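# A structural walkthrough
For reference, the chains in residue letters:
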Amino acid sequence: MQRRRTPVLAALAALLGAALTALPSGPAAAAETEQVVNGTFDTTTAPWWTTPNVTAGLSDGQLCADVPGGTANRWDAAVGQNDITLVKGESYRFAFTASGSPAGHPVRAIVGLSVAPYDTYFEVTPQLSVSGDAYSYTFTSPVDTTQGQVALQAGGGADAWHLCMDDVSLLGGVPPEVYEPDTGPRVRVNQVAYLPAGPKNATLVTAATSPLPWRLKNGRGAVVAHGRTVPRGTDASSGQNVHSIDFGGYRGRGDGFTLLADGETSRPFGIGTSAYERLRLDAVKYYYTQRSGIAIRDDLRPGYGRPAGHLDAAPNRGDLDVPCVPGGCDHRLDVSGGWYDAGDHGKYVVNGGIATWELLSTYERSLLARTGHPAKLGDDTLAIPESGNKVPDILDEARWELEFLLKMQVPAGQPAAGMVHHKVHDAQWTGLPLLPSDDPQQRELHPPSTTATLNLAATAAQAARLYRPYDRRFAAKALAAARTAWAAALAHPDVYAPESDATGGGAYADSDASDEFYWAAAELYLTTGEKQFADHVLGSPLHTADIFGPLGLDWSRTAAAGRLDLATVPSALPGRDKGRRSVVRAADGYLATLAGQPYGMPYAPDGNRYDWGSSHQVLNNAVVLATAYDVTGAAKYRDGAVQSMDYILGRNALNISYVTGYGEVNSHHQHSRWYARELDPALPDPPAGTLAGGPNSAIQDPYAQSRLQGCVGQFCYIDDIQSWSTNETAINWNAALTRMASFVADQG
Ligand code: 9MR
């Protein structure tokens, strides 16, 4: 068939919610060049190839193919063309028409690398109609290569089907597409809820430079408050001219409030506490569907039931008897269980450690803080298999990971006994979508590291004091493992996980274990009261250092975990009050940051470079504010902590709530191999209460690179499943959400 151009169907754009755009108008650049050979199939299908299980031929001037059923992955049945040249930084328009019979089969259309590691630079997965549709997308190549590939991958279905394609084109030199996110109304609010007695702030994006009137309307449309905006000038985090709005004087409750200013009406929001009671639970419920080594029950999580991942059932090679990477060690271990880290199937001790600490700390705070309510995450609150066993559900959930962390310890008798393996994951990266139970890769243990060892020492020591009332034997076992890990770390103080170990899983590289030593010593001291651990805490330079910066607390910066617990868990540590004051001083710093930000978050990274997982950095800085409130009872810290949640739930430059299922417009296409509805309509979106990583200035993934080049701060984010550097889900990020959702709910 001769080349034709059909405008893209708008309905399809809505369906994909992705990189679909109208064709750029205006004069074509002179240098537009076609990279695909014979995309029109007028007389032959050459030089297109198919996988051996696909039969293809000419039919009516198109390429039509019989696709077999019963394959696991999209790429198991494909039609493609190799030797495509791509130029780094050049924009390409990738277009094709396709039809499928019966209707509704997804086809994965990719531009990628034809050789290992088979990187994908652009991909979409439309569901095909019987009559056929035209598809067109623009992207920018992140690489130079002559080994590119264009392919339509049609596998992964149970039944055989018939695919036809035509007019395949990859046109180089097209004008780069300017991506403009749809940011909705210019009045930016917390789209979920403000607390009746809490702070209520909003941000207006406007060209105006002098104060403007604002009005607050309740759900019936009645104006219940009004005032004037405060011009704030250009906001560095977004590049926008903004005003702030303070409607904290209003104390009513209800749903469907809107804020009006400058001719714009905000998205609706509530004033009340019930949304936070729900979020407190949903944020922790997330962990059950992240579990490895156990079937997820559909009766407990409707729509999320799936077979157990990484036991011995084929095609899994299982986590029950895992060898080391070649040359890594001589033993094999049962490391089944635990939580999958994120959107991948890897399990990493340092990220599991900090996530476990933050869940346990959420529980520990509920026991110790004036506003804590332990029953809120107690037994029978989370609908998990252990509910009803008389142990608080949040402890049951954290124990699923603790049992895995314990299994990662090198057994007695082996070299480096007592150390802890840094991670276990697939030998090679797998594609999306892929249920944990469908992963065919060999699993491998990676060498022990000092940081992983100290993560076990810290969390197992903390567990020993929290599980003691429920299971003395487990508490004793945990404390023994923590002591063994501590001794092993002292004997091997500088065994680091390298940046280079990132094939098939993340590196979690760290070349400084001093913060993990401090944190582990703090937890061991708080549990045992022993002088050896107090001495280590008091002797660590980190005990008095200013450790709370823009990036105060995450998996690689764990000193803050120790300092916060030393400030809140009762002990006889000499100088304990000084440590408590240091947390309050840090909170003063975060309050100053928050006051300086027109979007009101306690986060202003150096050079406005948003970090990987920035949404959880905002939350972890808020945890310091919340802890200062617990320590002092001063309302300004509580208000700062509560206000930080507004940014996460919609008061931001993108007008998006970063929590799935919360807020009128929310992240729900997070990068995940099993919450992958964007790629396979048979799979679910992430569960309600899943936090997205959020803006990341480094935009490491090709998809973000093709859409977000030159982005400013808050704009370095896109809610697409391909954007693993801005939009993944992760156990450590949801832990920060858990901690803060629980704190805010407690302030009702
Ligand atoms: O969140 C992690 C970030 O701080 C690191 O810089 C990055 C590279 O090691 O890894 C991030 O964590 C990812 C991990 O490596 C693999 N699983 C998904 C994690 C979240 O994106």
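Nothing here was measured: the structure is a model prediction, and the numbers come from that model. (Residues numbered from 1 in each chain as written. Predicted model: local features only at pLDDT ≥ 70, side-chain atom pairs only at ≥ 80, totals over all residues. Heavy atoms only, no water.)

### Re the site of the ligand
Neighbouring the ligand are D341, A342, D344, Y348, G506, A507, Y508, W555, W612, E728 and W733. In the environment of the ligand, a nitrogen atom lies 3.2 Å from a nitrogen or oxygen atom belonging to the side chain of D344. Interatomic distance of 3.0 Å between a side-chain N/O atom of W555 and an oxygen atom of the ligand. Of the domains in this structure, domain 2 (178-272 + 575-748) and domain 3 (284-532) are the two that each give at least three residues to the shell around the ligand. (Near = heavy atom within 4 Å. Polar contact = N/O pair within 3.5 Å; in protein donor to acceptor, adjacent residues only side chain to side chain. Domains from an automatic or database assignment.)

### What about the sheet that holds strand β12 (residues 187-188)?
In spatial order, the strands read β12-β14-β18-β17; together these four strands make up an open sheet with antiparallel pairing. The strands lining the two open edges of the sheet, one partner per strand, are β12 and β17 (230-235). One ladder, built from two bridges, connects β12 with strand β14 (residues 201-205); its direction is antiparallel. By the bridge assignment for β14, V187 is matched with L204. (Pairing = 2+ DSSP bridges. Helix = DSSP H or I, 4+ residues; strand = E, 2+ residues; numbered from the N terminus.)

### Structural notes on the confidence of the model for the protein chain
Detailed reading of the predicted coordinates is not advisable wherever pLDDT falls low. This prediction gives the protein chain a mean pLDDT of 94; 96% of its residues lie at or above 70. Taken as a whole, residues 1-30 scores under 50 in pLDDT and shows 52 contacts with residues more than four places along the chain or in a different chain. (pLDDT = per-residue confidence, 0-100. Contact = heavy atoms within 4.5 Å.)

### A look at the packing of aromatic side chains
All chains considered together, the criterion is met by 29 aromatic pairs. Note on Y340 and W674: the rings are 5.4 Å apart at their centroids and 65° apart in plane angle, and the pair reads as edge-to-face. Remark: W674 occurs in the loop between α12 (635-648) and α13 (702-708) and Y340 occurs in the loop between α2 (274-289) and β22 (347-348); sequence separation between them is 334 residues. This pair shows no difference in class: Y340 is buried, exactly as W674 is. Positioned over the ring face of W400 is R291, at 4.7 Å from the centre of the ring. Cation over ring: R399 sits above F474, and NZ or CZ is 3.8 Å from the ring centre. (Phe/Tyr/Trp six-rings, centres within 6.5 Å; stacked < 30°, edge-to-face > 60°. Buried < 20%, exposed > 50% of the residue type's maximum accessible area, 1.4 Å probe, protein only. Lys NZ or Arg CZ within 6 Å of the ring centre and 35° of its normal.)

### Digging into the state of the cysteines
Put plainly, a disulfide is one covalent bond tying together the sulfur atoms of two cysteines. Summed over the entire model, instances satisfying the criterion amount to three disulfides. Between the sulfur atoms of C324 and its disulfide partner C329 the distance amounts to 1.9 Å. In this structure the cystine formed by C324 and C329 twists about its S-S bond by roughly 100°; its chirality is therefore right-handed. There is a disulfide in this structure between C711 and C716, and the S-S distance comes to 2.1 Å. When the S-S torsion is 105°, as for the bridge of C711 with C716, the disulfide is right-handed. On the basis of relative accessibility, which here comes to 21%, the residue C711 falls in the partly exposed class. Sequence-ordered numbering of the bonded cysteines in the protein chain yields a pairing of 1-2, 3-4, 5-6. (Disulfide = S-S within 2.5 Å.)

### A word on the domain arrangement of the protein chain
What the domain assignment reports for the protein chain is domain 1 (13-172), domain 2 (178-272 + 575-748) and domain 3 (284-532). Each of domain 1 and domain 2 has a C-alpha centre, and these two points are 38 Å apart. Tallying the contact residues gives 16 residues for domain 1 and 11 residues for domain 2. Between domain 1 and domain 2, a total of about 1000 Å² is buried, with carbon and sulfur atoms accounting for 49% of that surface. On the surface where domain 1 and domain 2 come into contact, there are one salt bridge. Across the pair R74 and D680 runs a salt bridge whose closest N-O atoms are separated by 3.8 Å. (Buried area = accessible area lost by both parts, 1.4 Å probe. Salt bridge = Lys/Arg side-chain N within 4 Å of Asp/Glu carboxyl O.)

### So, the pairing of strand β19 (residues 254-261)
Relative to β19, strand β15 (residues 213-217) runs antiparallel, the two sharing four bridges. Bridge pairing in β19 links K217 to T258. The sheet contact formed by β19 and strand β21 (residues 269-271) spans two bridges and is antiparallel. In the sheet register, G254 faces β21, and the bridge partner there is I271. Of the pairings in the sheet, the one linking β19 to strand β20 (residues 264-265) comprises two bridges and is antiparallel in character. Its bridge partner being in β20, A261 is matched across the sheet by E264.

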